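Chain and residue survey
Spelled out, the chains give:
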Number of protein chains: 2
Amino acid sequence: MTDFNDKQLDILQAAEKLFAEEGFDGASIRNIAREANVNIAMISYYFGSKEKLLEALIIHRTSGMKMQLENIFNENLSPADKVDRLIDLYISRINKNKCMYQIVHFELSTKKRIMDMKAFIDIKLQNVEAFKRIIQEGQAQGVFRKDINIFLIPTTIVGILVHFQMNRMFMETALQLESDDAFEAYIKNELTAHIKQTIKALLLHEN
Amino acid sequence: MTDFNDKQLDILQAAEKLFAEEGFDGASIRNIAREANVNIAMISYYFGSKEKLLEALIIHRTSGMKMQLENIFNENLSPADKVDRLIDLYISRINKNKCMYQIVHFELSTKKRIMDMKAFIDIKLQNVEAFKRIIQEGQAQGVFRKDINIFLIPTTIVGILVHFQMNRMFMETALQLESDDAFEAYIKNELTAHIKQTIKALLLHEN
DNA sequence: ATAAAATTTAAACAAACGTTTAATTTAAAC
DNA sequence: GTTTAAATTAAACGTTTGTTTAAATTTTAT
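None of these values were measured; they are calculated from a predicted model.

1. Structural notes on the environment of B:Glu129
Among the secondary structure elements, B:Glu129 is positioned in helix H8 (residues 118-140). Spatially, the C-alpha atom of B:Glu129 lies 9.7 Å from that of B:Leu69, the residues being 60 residues apart in sequence.

2. Side note on the interface of chain A and chain B
Taken together, the contact between chain A and chain B spans 48 residues of the former and 48 residues of the latter. Note on chain A versus chain B: buried area summed over both sides is about 4700 Å², and carbon and sulfur give 70% of it. Of all residues in chain A, A:His163, A:Met169 and A:Phe170 give up the largest surface area on contact with chain B, accounting jointly for 14% of the area buried on that side. Across the chain A-chain B interface, the total number found is 0 salt bridges. Viewed at the interface, chain B and chain A are joined by 6 residue pairs in polar contact (both at pLDDT 80 or more).

3. Let's talk about the UniProt feature "DNA-binding region" (unreviewed entry) in chain A
Under the UniProt annotation, "DNA-binding region" (unreviewed entry) lies at residues 28-47 of chain A. As annotated, residues 28-47 of chain A comprises 75% helix and 0% strand, and the C-alpha atoms at either end are separated by 15 Å.

4. Quick word on the UniProt feature "domain: HTH tetR-type" (unreviewed entry) in chain A
In this structure's numbering, the residues bearing the UniProt feature "domain: HTH tetR-type" (unreviewed entry) are residues 5-65 of chain A. Taken as a whole, residues 5-65 of chain A contains 82% helix and 0% strand, while its terminal C-alpha atoms sit 22 Å from one another.

What counts, and at which threshold
Residues numbered from 1 in each chain as written. Chains lettered and ligands numbered in written order. Predicted model: local features only at pLDDT ≥ 70, side-chain atom pairs only at ≥ 80, totals over all residues. Heavy atoms only, no water. Helix = DSSP H or I, 4+ residues; strand = E, 2+ residues; numbered from the N terminus. Contact = heavy atoms within 4.5 Å. Buried area = accessible area lost by both parts, 1.4 Å probe. Salt bridge = Lys/Arg side-chain N within 4 Å of Asp/Glu carboxyl O. Polar contact = N/O pair within 3.5 Å; in protein donor to acceptor, adjacent residues only side chain to side chain. UniProt positions renumbered as here; feature names shortened; annotations may be inferred.

Below is the structure:
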């Protein structure tokens, strides 16, 4: 959307890193400026304030999601395959932007609503809507159960993935994942398979 | 464990509230002291530092979990019923201590490991172990599938619940839950039912 | 080449931070 | 009742915070 120059992109990248590592309050403008190799005042100059910097970061990172959702829905696939594709999209998006998701999920949880999260909430509503359409499609075809809470399906997918990433230290210890690659690989293989298996079991299971 | 006097309990309660509302960095010693109606210096006097205050809070809130897990395992129930009981225990514990969980899940996610989370990691390992024993019991009896990732079952349960609570604002909007009671009721009814249904479907589903 | 606008800088700002100090009050012990 | 220890206080400590300023530099336009 809004295009940024190189220096602005440097600032956004540094902010993403430090916000995720130390939290919004924990990260200081001075550290962000040093990480981005710019003067302290440049952040106020370009973004206005620390809060507006976070806002710009989130909008920058969430743009484009809506289009990808539309693409999946319009593909010529069975509902079950569309669900698979949707799960893959979720995981790759969240994995790609894990820093930003970490920031947002924390900021959303605090009571002092430091910013207007409308852009992010819109994305989430679109996700729910995409799932609703696909699952109802499958229900109409008789391949999906009908006694399920569709709204909670995205919550389930994102909840498992985000919780796994948020507890990285514990997971690494318990699963003996001793490198970044091993951790990434576990998400890409075992965790993704588990999520797909879980959602499929829920949608297809018959008593 | 360690017993606290009334003033210390006031401080712990105020700290829990403000840490959860504003994050560890966002909450200030001065605000905590005002909330607890004590002098600023009393916090250093009793707990030593802000970090040690958080540490004391977590140990205070997690004590007793291990015993409850043992009780469930030793009850005379079917594996499926034990899983149900375990899910109920999870949800009630996390619901009861939602502030503390919110704090911990954020602190665990930051890279600057500000404190020794050993007490909390131990609890999590015990949870995993409890599930492993119960599910393997069910597998031995032939009532549970064997091609599942047992380690990820607690992750799934806690992930769904924590993610729901962390995104309270979004959930309230999307589900039109317009009061605290309505939100609590949704967790107690719909969300709990969804989690149980999901785990059961995963454990029992046959292709 | 010159004027105007945009960028970049070091320095300063007031405010808030966690913690400590030293003095005072309260409680306990003998 | 006196002494000793614990609890409590207001004030000050030195840092760090986000933001602003005003001057210097670079870029752009004419």
